[in-house]
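Coordinate analysis (summary)
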Amino acid sequence: MTGSPGTPLVVLDHVDKWFGDLHVLQDINLSIARGEVVVVIGPSGSGKSTLCRTINRLETIDKGTITLDGEPLPAEGKALASHRAEVGMVFQSFNLFAHKTILENVTLGPTKVRGMDKGEADTKARALLERVGVANQADKYPAQLSGGQQQRVAIARALAMEPKVMLFDEPTSALDPEMIKEVLDVMVDLAEGGMTMVVVTHEMGFARTAANRVVFMAEGQIVEENTPEAFFTDPQSSRAQDFLGKILKH
């Protein structure tokens, strides 16, 4: 790893993004430090997922710059593939390869992209599956696992690439309530282990306990950012007060 804890790892500088006439990201400035856990919250359609997806260039931007570890995001080709190897991504839907076993799903990236020896990749994958609590599922196929188990495999698969930063785009929103905790527990464990994380979520409990910083978005803009304690107890903007008033009543 280059750099020291606390130095900026991901920097978005005056980023704008349009979908046709819709201005989904408006002059976004955000710097994420190495080892920091940033949780992005806000109403639906506020640009949270788009923001997350620009960091590994699943979405292109129209203006501004994004850098990872001081390097601008590559536009295409091999450079983009190697950039994506540095940025782990966990989606709402688990995106596992249905025809490959759990172990094969986790070893695919390290062997194909990183050129790792198969034996070494297997050993590492089993250790990661152990870490996320699904080691005994290694020889099964995704369809044989619960949603919570599949999402934990997806986290292990992203970790297998030894990414510099992990992006989570609403990782629990497709899960049944009893499975949400098992996935959030793994994410809390990662956060405590010093992984740099950007998490788009509706799970306010996770935001309170695991985040170093909460970023609140509305209508394509970052309206407010603060520590979880300050944000949840004393939101500064009327937009955030309104949002919290609606979601924390229930």
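Residues numbered from 1 in each chain as written. Predicted model: local features only at pLDDT ≥ 70, side-chain atom pairs only at ≥ 80, totals over all residues. Heavy atoms only, no water.

Now for the overall build of the protein chain. Secondary structure summary: the protein chain contains 9 helices and 10 strands in total. Whereas a compact globule of 250 residues would reach a radius of gyration of roughly 18 Å, the protein chain reaches 18 Å, a difference of no more than 12%. Overall, the C-alpha framework of the protein chain stretches about 55 × 40 × 40 Å when taken along its three principal axes. By residue count, 52% of the 250 residues in the protein chain fall in the buried class. Taking all contacts inside the protein chain whose residues are at least 6 apart in sequence as the whole, residues at least 24 apart take part in 68%. Working note: accessible area of the protein chain is about 11600 Å², and carbon and sulfur atoms make up 50% of it. Of the charged side chains in the protein chain, 25 are positive and 33 negative; the average position of the first set lies 4 Å away from that of the second. (Helix = DSSP H or I, 4+ residues; strand = E, 2+ residues; numbered from the N terminus. Rg over C-alpha atoms; globule rule 2.2 N^0.38 Å. Buried < 20%, exposed > 50% of the residue type's maximum accessible area, 1.4 Å probe, protein only. Contact = heavy atoms within 4.5 Å. Areas by Shrake-Rupley, 256 points an atom, 1.4 Å probe, with all protein chains shown as cover. Lys, Arg positive; Asp, Glu negative; His and termini not counted. Charge placed at Lys NZ, Arg CZ, Asp CG, Glu CD.)

This next bit is on the sheet that holds strand 2 (residues 22-33). Read across the sheet, 4 strands follow the order 2-1-4-5 without closing on themselves; strand pairing throughout is antiparallel. Looking at the sheet topology across the chains shown, the edges are occupied by strand 2 and strand 5 (71-72). Two strands pair when backbone bridges link them, and strand 4 (residues 63-68) and strand 5 are joined in this way by 2 bridges, in the antiparallel orientation. Paired with T67 across the two strands is P72, which belongs to strand 5. (Pairing = 2+ DSSP bridges.)

What follows is about the sheet that holds strand 3 (residues 37-41). Across the sheet, which stays open at both edges, the 6 strands sit in the order 6-7-8-3-9-10 with mixed pairing between neighbours. With partners counted over all chains shown, the strands left at the sheet margins are strand 6 (87-90) and strand 10 (221-226), one partner each. Here the average twist between neighbouring strands, direction ignored, is 20°. Bridge analysis of strand 7 (residues 165-169) against strand 8 (residues 196-200) gives 5 bridges, and the strand direction is parallel. Paired with V165 across the bridge in strand 8 is T196. Packing of helix 1 (residues 48-55) onto the sheet brings it into contact with strand 3, strand 6, strand 7, strand 8 and strand 9 (213-218), and relative to strand 7 it is tilted by some 150°. Of the strands in this sheet, strand 6 and strand 7 are in contact with helix 2 (residues 77-86), which crosses strand 6 at around 70°. (Axes fitted to C-alpha atoms, helices over the stretch in contact; angles between N-to-C directions.)

Next up on the list: the UniProt feature "domain: ABC transporter" (unreviewed entry) in the protein chain. UniProt's entry tags residues 10-244 with the feature "domain: ABC transporter" (unreviewed entry), counted in the numbering of this structure. The straight-line gap between the two end C-alpha atoms of residues 10-244 is 27 Å; of that span, 39% is helix and 26% is strand. (UniProt positions renumbered as here; feature names shortened; annotations may be inferred.)

Throughout the structure, instances matching the rule amount to 15 salt bridges. Of the charged contacts, one joins R213 and E36 as a salt bridge, the two residues approaching to 2.9 Å between their closest N and O atoms. Residue R213 is found in strand 9, and its partner E36 is found in the loop between strand 2 and strand 3; the two are separated by 177 residues along the sequence. Across the pair, exposure class does not vary: R213 and E36 are buried alike. Among the salt bridges present, the one from E86 reaches R114, with a minimum N-O distance of 3.7 Å. Of the two residues, E86 is situated in helix 2 and R114 in the loop between helix 3 (102-112) and helix 4 (118-131); the sequence distance between them amounts to 28 residues. (Salt bridge = Lys/Arg side-chain N within 4 Å of Asp/Glu carboxyl O.)

Ranked by size, the top nonpolar core spans 50 residues in total, and within it I41, L129, I155, M166, F168, M187 and M197 carry the most contacts. Those residues within four positions of M166 in sequence are excluded, and the remaining contacts are G88, V90, I155, A158, L159, L190, M195, T196, M197 and V198. Ranked by size, the runner-up nonpolar core spans 25 residues in total, among them L25, L51, I66 and M89. (Core = buried A, V, L, I, M, F, W, Y, C linked by side-chain atoms within 4.5 Å.)

Below, the discussion takes up helix 1. For an α-helix, 3.6 residues make a turn, and residues three or four places apart therefore share a direction. Most of helix 1 is tucked away, with 6 of its 8 residues classed as buried. Taken together, the buried positions of helix 1 are K48, T50, L51, C52, T54 and I55. Following helix 1 by one or two positions, R57 adopts a phi angle in the positive range, close to 65°.

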